[in-house]
Each structure stands twice: as structure tokens, then as C-alpha cells.
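Residue-level structural notes
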Amino acid sequence: MEITADMFISGGLTFAAAIGFGICFNIRGANLFAASFGAFICAFIEAVMSEAGSPEVLVCFIASTAVTVYSEILAKRLRCPVPMFLIVSIIPLVPGGYIYYAMMSCINGDLADFGKRSIYTFEIAGAIALGIFLVTFAIKLMKSFKKLPVKKNR
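Residues numbered from 1 in each chain as written. Predicted model: local features only at pLDDT ≥ 70, side-chain atom pairs only at ≥ 80, totals over all residues. Heavy atoms only, no water.

**Some thoughts on a positive patch on the surface**
Formally: Note on patches: the residues involved have over 30% relative accessible area and no salt bridge, like charges join within 9 Å, and the nonpolar side chains Val, Leu, Ile, Met, Phe, Trp and Tyr join within 5 Å. A 1.4 Å probe and the Shrake-Rupley method give the accessible areas. Residues count as covered only by the protein chains that appear here. Salt bridge, as used here, is a side-chain nitrogen of Lys or Arg placed within 4 Å of a carboxyl oxygen of Asp or Glu. His is not counted, nor are the chain ends, whereas Lys and Arg count as positive and Asp and Glu as negative. Here the site of a charge means NZ on Lys, CZ on Arg, CG on Asp, or CD on Glu. Only DSSP runs of H or I with at least four residues qualify as helices, and only runs of E with at least two residues qualify as strands; both kinds are numbered from the N terminus onward.
Together, K76, R79, K140, K143, K146 and K147 give the surface a local cluster of positive charge. Looking at the positive patch element by element, the count peaks at 4 residues for helix 6 (residues 111–147). Among the structural elements, R79 can be located in the loop between helix 3 (56–78) and helix 4 (82–90).

**Digging into the packing of helix 1 (residues 5–24) against helix 2 (residues 29–51)**
Where we set the bar: Interaxial angle, 0 to 180 degrees, is taken between N-to-C directions of lines fitted to C-alpha atoms, where a helix line uses only the stretch in contact. The handedness criterion is simple: a crossing whose near helix is rotated anticlockwise from the far helix by less than a right angle is left-handed, and one whose near helix is rotated clockwise is right-handed. Throughout, a contact is declared for two residues whenever any of their heavy atoms are within 4.5 Å. Only Asp, Glu, Lys and Arg are considered charged in this grouping, and only Ala, Val, Leu, Ile, Met, Phe, Trp, Tyr, Cys and Pro are considered nonpolar; every other residue, Gly among them, is considered polar.
Two elements in contact, helix 1 and helix 2, have axes whose closest approach is 8 Å; the angle formed by their N-to-C orientations is 145 degrees. The element helix 1 and its partner helix 2 pack so that their crossing is right-handed. On helix 2, the residues that touch M7, F8, G11, G12, T14, F15, A18, I19, G22 and I23 of helix 1 are L32, F33, S36, F37, A39, F40, A43, F44, A47, V48 and E51. Class assignment of the residues belonging to the contact of helix 1 with helix 2 gives a composition of 15 nonpolar, 5 polar and 1 charged.

**Description of the confidence of the model for the chain**
Inclusion rule: Across the chain, each position has a pLDDT score giving the predictor's confidence in that residue, from 0 to 100.
For the chain, per-residue confidence averages 88 on the pLDDT scale, and 95% of positions sit at 70 or higher. Confidence, expressed as mean pLDDT per element, reaches its minimum in the chain at helix 1 with 85 and its maximum at helix 3 with 92.

**Structural notes on the nonpolar core**
We apply this condition: To form a nonpolar core, buried Ala, Val, Leu, Ile, Met, Phe, Trp, Tyr and Cys residues must be joined to one another through side-chain atoms within 4.5 Å. Think of it in three bands: with a 1.4 Å probe and only protein chains considered, a residue is buried below 20% of the maximum accessible area for its type, exposed above 50%, and partly exposed in between.
With 27 residues, the main nonpolar core has C60, F85, I90, L93 and I128 as its most contacted residues. Elements that contribute at least two residues to this core include exactly helix 1, helix 2, helix 3, helix 4 and helix 6. F85 has contacts with N31, A34, A35, S71, L74, A75, L78 and C80, leaving out every residue within four places of it along the chain.

**Thoughts on helix 1**
We count it as follows: By definition here, a helix of n residues has an expected span of 1.5 Å times n minus one. Note that the arc is defined by the directions from the helix axis to the C-beta atoms.
Taking 1.5 Å per residue as the helical rise, helix 1 with its 20 residues ought to reach 28 Å, and the 29 Å between its terminal C-alpha atoms agrees with that figure. Every buried residue of helix 1 is accounted for by M7, G11, T14, A18, I19 and G22. Buried residues in helix 1, looked at end-on, bunch into an arc of 155 degrees, giving them a common side. Opposite its buried face, helix 1 presents the exposed residues A5, D6, L13, I23 and C24, each directed more than 90 degrees away. Looking at the buried residues of helix 1, the elements they touch are helix 2 and helix 4. Once helix 1 ends, the next one or two residues include N26, with phi positive near 65 degrees.

Structure below.
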């Protein structure tokens, strides 16, 4: 597997599109570029893993996990809420095309194809949600362990 210029071009275009989403979410200044860079990371991971032949559900899980870690770190360092970075960064993973084709199948009366595409869409959405959940849960768990009182032996 080789990292190609197309992967960086795809990431750069995703970065530009994420800036637009960030503006819609009223993110400004350095935070806008930081959040958009998360989308670049997400698109780059997706491109590299897809090129390697990984299943798309696994790709979405790994990319959402990486972007959630990135968002948590940025939120801590820049003292901003995590969703500000996470929402913009996760945009490249949203299975919009699958949702569209599932709905088209439903409208055209092809219920078997609708069911198949809908289930696959939910698998991808579930993988994204699971990646976000696991990182957020792990961080909350670590924070709660830090707050526990330490008993000293007498």
C-alpha cells in the first residue's frame, strides 16, 4: 500500500469543505482551522485504510476514534467544548450517499435493496457512534479515577 498524492488532495478538499461547515456552526479563528484539520485527519485515515482494503465499517470506527481523541486533546488545550471540534471533524464519515440511495430504493419500491442499504447505513453510523463513545467513556473514566481520594495506610 502506497500513500499517494490523491489521498492528500482528498484530505485538502475535505479540509476546505470542513471550513464551510465550521462557519455554519459559528466557529471562528484558530478553532475553525483546528476543527477543519480534524476533518483532514479523518479523510486521510479513511483514504489510507480504504486503499489497504479494510472494510468500510472498520474504517469508520478507526477514523471516528482517532478524530475523537484529536478533538478531546484540542478541547483540553484550547479550553473549548469537545463537540465544537468533533462535529466538524466527523463530517467526512457521515454516510450521506448510502442514506440517499436507500431512500431512492424505498421510493422506487425496491424494498429488498432499501433494507440492505438501510442496514449498511446503520452499521456505519453505529461504528462512528461506537468510536466516539469508547473514547469519551475512557476519558471520563480516567477523570473519575483522578478524583478518587487516596487512602493512606497507617
